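Residue strings, one per chain:
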Amino acid sequence: MVIDSNEELIKHELIHSFSSDLIRFYYGTDLIGNEIGAAAKNVIGIAAGMLEGADLSSLKGALMARGTSEIVRLIVAMGGNANTVCKYRI
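Residues numbered from 1 in each chain as written. Predicted model: local features only at pLDDT ≥ 70, side-chain atom pairs only at ≥ 80, totals over all residues. Heavy atoms only, no water.

**Q** What am I meant to see in the packing of aromatic side chains here?
**A** Remark: the centre distance and the inter-plane angle together describe each pair of aromatic rings, the angle taken between the planes. Following the criterion strictly, the structure yields one aromatic pair and no others. Judged by centre distance (6.2 Å) and plane angle (45°), the rings of Phe18 and Phe25 are tilted. With a relative accessible area of 48%, Phe18 lands in the partly exposed category. (Phe/Tyr/Trp six-rings, centres within 6.5 Å; stacked < 30°, edge-to-face > 60°. Buried < 20%, exposed > 50% of the residue type's maximum accessible area, 1.4 Å probe, protein only.)

Next comes the structure, spelled out in structure tokens:
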């Protein structure tokens with residue numbers, strides 16, 4: 001999981017407070033990208049569930065590839081960093 005904030009002290013305190021042997025948190029460096037990515041992944045998840053329900057699970061790979069690319073485009077358009085989602089341009 002990623003924790004991000006404009007307030008570095010709060011970010012570090014939260015990560016220290018919530019981290020355990022069962023879950024690892026990472027420091028975010030792109031607040032806009034993390035916020036948009038966190039919301040947009042849910043849309044992709046719903047679409048994947050719809051494909052599964054329609055017995056079209058073979059299309060989930062295409063959904064993931066295209067969906068990731070569109071999330072990158074949205075993040076960049078809103079002022080975030082493309083590398084937050086994908087290190088390589090799709």
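The rest of the description comes next.
**Q** Quick question: what am I supposed to make of the environment of Lys11 here?
**A** Structurally, the position occupied by Lys11 is in helix α1 (residues 8-18). With 70 residues separating them along the chain, Lys11 and Asn81 place their C-alpha atoms 19 Å apart. Excluding anything up to four places from it in sequence, Lys11 contacts Ile3, Asp4, Ser5, Tyr27 and Gly28. (Helix = DSSP H or I, 4+ residues; strand = E, 2+ residues; numbered from the N terminus. Contact = heavy atoms within 4.5 Å.)

**Q** Help me out: how do you make sense of the environment of Leu51 in this one?
**A** Of note, Leu51 is situated in helix α2 (residues 31-53). Leu51 sits 26 residues away from Phe25 along the chain, and the two C-alpha atoms are 31 Å apart. When residues no more than four places from it in sequence are discounted, the contact partners of Leu51 are Leu56, Ser57, Leu59, Lys60 and Leu63.

**Q** Would you mind showing me how to read a nonpolar patch on the surface here?
**A** On the surface, Met1, Leu22 and Ile23 cluster together into a nonpolar patch covering about 360 Å² of accessible area. With respect to the helices and strands, Ile23 occurs in the loop between α1 and β2 (26-27). (Patch = residues over 30% accessible without salt bridge, like charges linked within 9 Å, V, L, I, M, F, W, Y side chains within 5 Å. Areas by Shrake-Rupley, 256 points an atom, 1.4 Å probe, with all protein chains shown as cover. Salt bridge = Lys/Arg side-chain N within 4 Å of Asp/Glu carboxyl O.)

**Q** Help me out: how do you make sense of the side chain of Asp30 in this one?
**A** Positionally, Asp30 belongs in the loop between β2 and α2. Notably, Asp30 is buried but unbridged: the nearest opposite-charge side chain belongs to Lys11, and the N-O separation is 10 Å. Here Asp30 is in contact with Asp4, Ile75, Gly80, Asn81 and Thr84, once residues within four sequence places are set aside. (Lys, Arg positive; Asp, Glu negative; His and termini not counted.)

**Q** When you look at the nonpolar core in this model, what are you seeing that I'm missing?
**A** In this structure, Ile36, Ala40, Ile44, Ala48, Leu51, Leu63, Ile71 and Ile75 together form the largest nonpolar core, which totals eight residues. The set of elements that each furnish at least two residues to this core consists of α2 and α3 (60-77). Here the element with the most residues in this core is α2; it accounts for five residues. Ile36 has contacts with Leu74, Ile75 and Met78, leaving out every residue within four places of it along the chain. (Core = buried A, V, L, I, M, F, W, Y, C linked by side-chain atoms within 4.5 Å.)

**Q** Can you help me understand the pattern of salt bridges in this one?
**A** It is possible for side chains of opposite charge to pair when their charged atoms get near one another. The tally for this structure, following the rule as stated, stands at five salt bridges. With its nearest N and O atoms 3.1 Å apart, the salt bridge here joins Lys11 to Glu8. Within this pair, Lys11 and its partner Glu8 are both found in helix α1, separated by three residues, close to a single helical turn. Looking at Lys11, the relative accessible area reads 3%, which means it is buried. The partly exposed category is assigned to Glu8, whose relative accessible area is 44%.

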